Amino acid sequence: QVQPVESGGGLVQPGGSLSLSCAASGGGFRYYTMGWYRQAPGKQRVLVAAITPAYTTNYGDSVKGRFTISRDNAKNMVYLQMNSLKPEDTAVYYCNLALGSLDGTRGTWGRGTQVTVSS
């Protein structure tokens with residue numbers, strides 16, 4: 001089973017940038033749809049971005065134009081480049097992967113990495 005591990009979270013000022021990485025151990029990585037979700041305190045976990053095995057991408061409305069998801073199948077890695085960060089982007093970010101589509105419940109999940117946007 002492919003298991004994801006996130007890295008790259010931290011504290012950044014509003015307007016700044018941060019890059020998250022997700023390393024997935026195990027075989028068959030290229031067949032998985034990869035996604036980044038986030039959960040802020042007191043709120044539900046929501047989809048930030050997803051990328052399919054065919055490299056089709058999908059973004060949450062609140063991050064379109066600011067965040068970019070990418071994958072490197074040779075390295076079993078998925079990335080989330082976050083630009084023009086806002087305080088409302090503060091959350092724990094989770095990497096998720098599944099065969100087929102993502103629905104917020106399926107597949108395997110990383111433990112999450114904290115992103116804090118604050119001055």
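Everything that follows concerns the structure shown earlier in this document.
Below or above, wherever it landed, is the structure these notes cover. (Residues numbered from 1 in each chain as written. Predicted model: local features only at pLDDT ≥ 70, side-chain atom pairs only at ≥ 80, totals over all residues. Heavy atoms only, no water.)

Burial along strand β1 (residues 3-7) is one-sided: the face carrying Pro4 and Glu6 is buried and the face carrying Gln3, Val5 and Ser7 is not. Summarising the sheet, β1 and strand β3 (residues 18-25) pair through five bridges and their orientation is antiparallel. Bridge assignment links Glu6 to a residue of β3, and that residue is Cys22. (Buried < 20%, exposed > 50% of the residue type's maximum accessible area, 1.4 Å probe, protein only. Helix = DSSP H or I, 4+ residues; strand = E, 2+ residues; numbered from the N terminus. Pairing = 2+ DSSP bridges.)

A sheet is described by the order of its strands in space; here four strands give the open sequence β1-β3-β8-β7, paired in antiparallel fashion. The outermost strands of the open sheet, each flanked by one partner alone, are β1 and β7 (67-72). On average, each strand axis in the sheet is inclined to that of its neighbour by 20°, with strand direction left out of account. (Axes fitted to C-alpha atoms, helices over the stretch in contact; angles between N-to-C directions.)

Within the element layout of this structure, Thr113 appears in strand β11 (residues 113-117). Looking at Thr113, the relative accessible area reads 12%, which means it is buried. From its side chain, Thr113 meets the backbone nitrogen of Gly9 in a polar contact 3.2 Å long. Once residues within four sequence positions are removed from consideration, Thr113 is found in contact with Glu6, Ser7, Gly8, Gly9, Leu20, Ala91, Val92 and Tyr93. (Polar contact = N/O pair within 3.5 Å; in protein donor to acceptor, adjacent residues only side chain to side chain. Contact = heavy atoms within 4.5 Å.)

A few words now on the packing of aromatic side chains. The description of an aromatic ring pair uses the distance of the two centres, along with the angle that the planes make with each other. Scanning all chains against the criterion turns up one aromatic pair. Its end group placed over the ring of Tyr94, Arg45 keeps NZ or CZ at 5.7 Å from the ring centre. The side chain of Arg45 reaches across the aromatic face of Trp109, ending 3.7 Å from its centre. (Phe/Tyr/Trp six-rings, centres within 6.5 Å; stacked < 30°, edge-to-face > 60°. Lys NZ or Arg CZ within 6 Å of the ring centre and 35° of its normal.)

Here we come to the nonpolar core. Residues Met34, Trp36, Leu80, Met82 and Tyr93 are the most contacted members of the largest nonpolar core, which totals 28 residues. Judged by nonpolar contacts, the second largest core, of six residues, contains Tyr94, Ala98, Leu102 and Trp109. (Core = buried A, V, L, I, M, F, W, Y, C linked by side-chain atoms within 4.5 Å.)

Now for the pairing of strand β8 (residues 77-82). The pairing of β3 with β8 spans six bridges and is classified as antiparallel. Opposite Ser19, over in β8, you have Gln81 as the bridge partner. Bridge count between β7 and β8: six bridges; the pairing is antiparallel. Opposite Asp72, over in β8, you have Met77 as the bridge partner.

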